[in-house]
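In case you want the letters, here they are:
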Amino acid sequence: MSAYDFDLFVIGGGSGGVRCGRISAGHGARVGVAEERFWGGTCVNVGCVPKKIMVHAAEYGQWAEEAPAFGWRNQKGEHDWATLVAARDAEVARLNAIYARLLGNAGVTTFNARATFLDPHTLDVGGQRITAERIVIAVGGRPQRPEIPGAELGLVSDDLFTLKERPRRIVVVGGGYIALEFASLLRGLGSEVDLLYRQPLPLRGMDGDLREAMAEALGHQGIRLHPGQMPARLEKAGEGVRLTMEDGLVLETDQVMFATGRVPHTDGLGLERAGIAPGRSGCVPVTLEQATAQPHIFAIGDVTDQLNLTPVATAVGHALADTLFGGHPRTASFQNVPTAIFTSPPAATVGLSEEAAAAQGPIDVYVARFTPMRHTISKAARKTLMKLVVSRRTRRVLGAHMLGEDAAEIMQGIAVAIVAGATKEDFDRTIGIHPTAAEEFVTLRTITRQVG
């Protein structure tokens, strides 16, 4: 018999932690998992899932506006926030229960409690002392507010999912995924939205053409953009909030939402008692095998601040379980990970940006911009951007980028080709599906520009 209570104990019941615990139990390990807030973590409860439901709701409003151009005699009415909230929360509750049930069916012992380190092999789990041979830290991240006067008057991303009413006016601060998605869906549901971000363009680090197309699309949606701006202070103003920017410009609004980044949720975890020194912003540094400074303690997901995406955490958790207990040592790849931004219209990307690819050698760039068929009829100012970045030496497609309807669905298939090492000639040999926007990816023939 083992001297420990568990072969593996996972701190955190989000997507990565649940997958790691469930697969490890399937390999025969005695597994415990503790979750202090809600099963399924950020993604299921205050992230990807409820956000996407709200994005769908906003899209219905857009379709209602455009329907008369296609002969429908309906009129767009007022959005019922309470109906959406009830439907969204019911689906979140259903998924929350599924995550807990998956662990139970796999034979995992679950704890609805906070777990903290007492020493490298011992945890305090809701007041109970528990030992484990191996431990996985999967506590995820949490949103942060900027350090400015009055920051407590602003919302963070989690708060969107507890609002009883939709704000009539809102200022969203940030230029990343979360800021753009929340600004877009709230605008689509009827709010007046101002968006502040420090860079000249949103989505820092992404492909330049995609960033420009995104800024244009947000503006066409009716979102007021304030590039190169950040808040200096917030103050109460009657029932609302007064936001003063760094250059002195003042905005009066009902709510301010900060989407200015997330930090690993390691406060109070007791890492020092486990012999682990936190890295930047409190993250847990790990090796390629996800091991910490203590070889029997591992960390996965957003707490490592590597590539903070739910599918990445899930893949890493599965690979770690196979390595520790399945007799199949492996790691998940962080290369060519596809991702999407669910704005209106959405954007998606996989592989290298033009800027990153050009730093590695000469490239050929193919770009198409056009009005999709639907909007030649609706007359809505919605354009599509599609782009391929190709190595001139190997002819491999190094990156693909898109802004437009169904971008995320299309990019999932393109990602398979790029992960497989497809060349531009492979794309050219592929027959397009007509009429679709997606066929543009296999009919791009004219080089837009050469770099290097």
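Residues numbered from 1 in each chain as written. Predicted model: local features only at pLDDT ≥ 70, side-chain atom pairs only at ≥ 80, totals over all residues. Heavy atoms only, no water.

Structural notes on a nonpolar patch on the surface
- Together, Phe-70, Trp-72 and Ile-377 give the surface a local cluster of nonpolar side chains, amounting to about 350 Å² of exposed area.
- Summarising the element assignment, Phe-70 is placed in the loop between helix H3 (48-66) and helix H4 (81-105). (Patch = residues over 30% accessible without salt bridge, like charges linked within 9 Å, V, L, I, M, F, W, Y side chains within 5 Å. Areas by Shrake-Rupley, 256 points an atom, 1.4 Å probe, with all protein chains shown as cover. Salt bridge = Lys/Arg side-chain N within 4 Å of Asp/Glu carboxyl O. Helix = DSSP H or I, 4+ residues; strand = E, 2+ residues; numbered from the N terminus.)

Digging into the UniProt feature "domain: FAD/NAD(P)-binding" (unreviewed entry) in the chain
- Under the UniProt annotation, "domain: FAD/NAD(P)-binding" (unreviewed entry) lies at residues 6-315.
- Counting secondary structure, residues 6-315 comes out at 30% helix and 25% strand; the distance between its end C-alpha atoms is 23 Å. (UniProt positions renumbered as here; feature names shortened; annotations may be inferred.)

Topic: the nonpolar core
- Core analysis: the largest hydrophobic core is formed by 46 residues, its most contacted members being Leu-160 and Leu-195.
- Leaving out residues up to four positions away in the same chain, Leu-160 has contacts with Met-54, Trp-81, Arg-88, Phe-182, Leu-185, Leu-186 and Met-257.
- Listed in part, the 29 residues of the second largest apolar core include Ala-29, Leu-103, Ala-138 and Val-316. (Core = buried A, V, L, I, M, F, W, Y, C linked by side-chain atoms within 4.5 Å. Buried < 20%, exposed > 50% of the residue type's maximum accessible area, 1.4 Å probe, protein only. Contact = heavy atoms within 4.5 Å.)

A word on the pairing of strand S19 (residues 347-351)
- Extensive coverage of S19 is indicated by the burial of four of its five residues.
- Here strand S18 (residues 339-341) folds back onto S19 in antiparallel fashion, the turn holding five residues.
- Examined bridge by bridge, S19 and strand S22 (residues 397-403) share five bridges and lie antiparallel to one another. Note that in S22 the partner of Gly-351 across the bridge is Gly-399. (Pairing = 2+ DSSP bridges.)

Regarding the domain arrangement of the chain
- Split into domains, the chain comes out as domain 1 (6-143 + 263-326), domain 2 (151-260) and domain 3 (338-451).
- Of note, the centres of domain 1 and domain 2, computed from C-alpha atoms alone, are 26 Å apart.
- Overall, the association of domain 1 and domain 2 removes approximately 1,400 Å² of surface from exposure, summing both partners, and the carbon and sulfur fraction of that is 66%.
- Of all residues in domain 1, the largest losses of buried area upon contact with domain 2 belong to Lys-51, Trp-81 and Pro-143, amounting jointly to 41% of the total for that side. (Domains from an automatic or database assignment. Buried area = accessible area lost by both parts, 1.4 Å probe.)

A word on the environment of Phe-334
- For Phe-334, the location among the structural elements is in the loop between helix H7 (310-325) and S18.
- Contacts of Phe-334, omitting those with residues within four sequence positions, involve Gln-290, Gln-306, Leu-307, Val-312 and Val-316.

Re the sheet that holds S18
- Taking strand neighbours across the sheet as the criterion, the six strands line up as S18-S19-S22-S21-S20-S23 in an open arrangement whose pairing is antiparallel. The sheet terminates laterally at S18 and strand S23 (449-451), the two strands that pair on one side only. On average, each strand axis in the sheet is tilted by 15° relative to the strand beside it, whichever way the strands run.
- Helix-sheet contacts for helix H6 (residues 208-220) involve S18, S19, strand S20 (363-370), strand S21 (384-391), S22 and S23, and the interaxial angle to S22 is about 5°. (Axes fitted to C-alpha atoms, helices over the stretch in contact; angles between N-to-C directions.)

Regarding the environment of Gly-452
- By the element assignment, Gly-452 lies in the segment after S23.
- Beyond its immediate stretch of four places on either side in the chain, Gly-452 contacts Pro-362 and Arg-392.

Remarks on the pairing of strand S6 (residues 128-137)
- One ladder, built from five bridges, connects strand S1 (residues 6-11) with S6; its direction is parallel. Of the residues in S6, the one forming a bridge with Phe-6 is Ala-132.
- A loop of two residues connects strand S5 (residues 122-125) with S6, the two strands running antiparallel in sequence, and Gly-126 in this loop sits at a positive phi of about 60°.

Here's the deal with helix H5 (residues 177-188)
- The terminal C-alpha atoms of H5 lie 16 Å apart, and with 12 residues this matches the ideal 16 Å at 1.5 Å per residue to within 8%.
- Looking at H5, one finds that the buried residues are Ala-179, Leu-180, Glu-181, Phe-182, Ala-183, Ser-184, Leu-185, Leu-186 and Gly-188.
- In the segment just after H5, Gly-190 is the residue with positive phi, at about 120°. (Expected span 1.5 Å × (residues − 1).)

Considerations on the packing of aromatic side chains
- Taken as a whole and assessed by the stated rule, the structure comprises five aromatic pairs.
- A centroid spacing of 6.2 Å and a plane angle of 85° characterise the contact between Phe-6 and Phe-111, whose relative ring orientation is edge-to-face. Taken as a pair, Phe-6 in strand S1 and Phe-111 in strand S3 (residues 109-111) lie far apart in primary sequence, 105 residues in all.
- Between Tyr-60 and Trp-63, the aromatic rings sit 5.2 Å apart at their centres with planes inclined by 75°, giving edge-to-face as the arrangement. (Phe/Tyr/Trp six-rings, centres within 6.5 Å; stacked < 30°, edge-to-face > 60°.)

Description of the sheet that holds strand S11 (residues 224-227)
- On the basis of which strands lie adjacent, the open sheet formed by five strands has the order S8-S15-S9-S10-S11 and parallel pairing. Edge positions in the open sheet fall to strand S8 (155-156) and S11, since each of these has one partner strand only.
- Strand direction decides the pairing type here: S8 and strand S15 (residues 255-258), joined by two bridges, are parallel. Bridge pairing links Val-156 to Phe-258 in S15.

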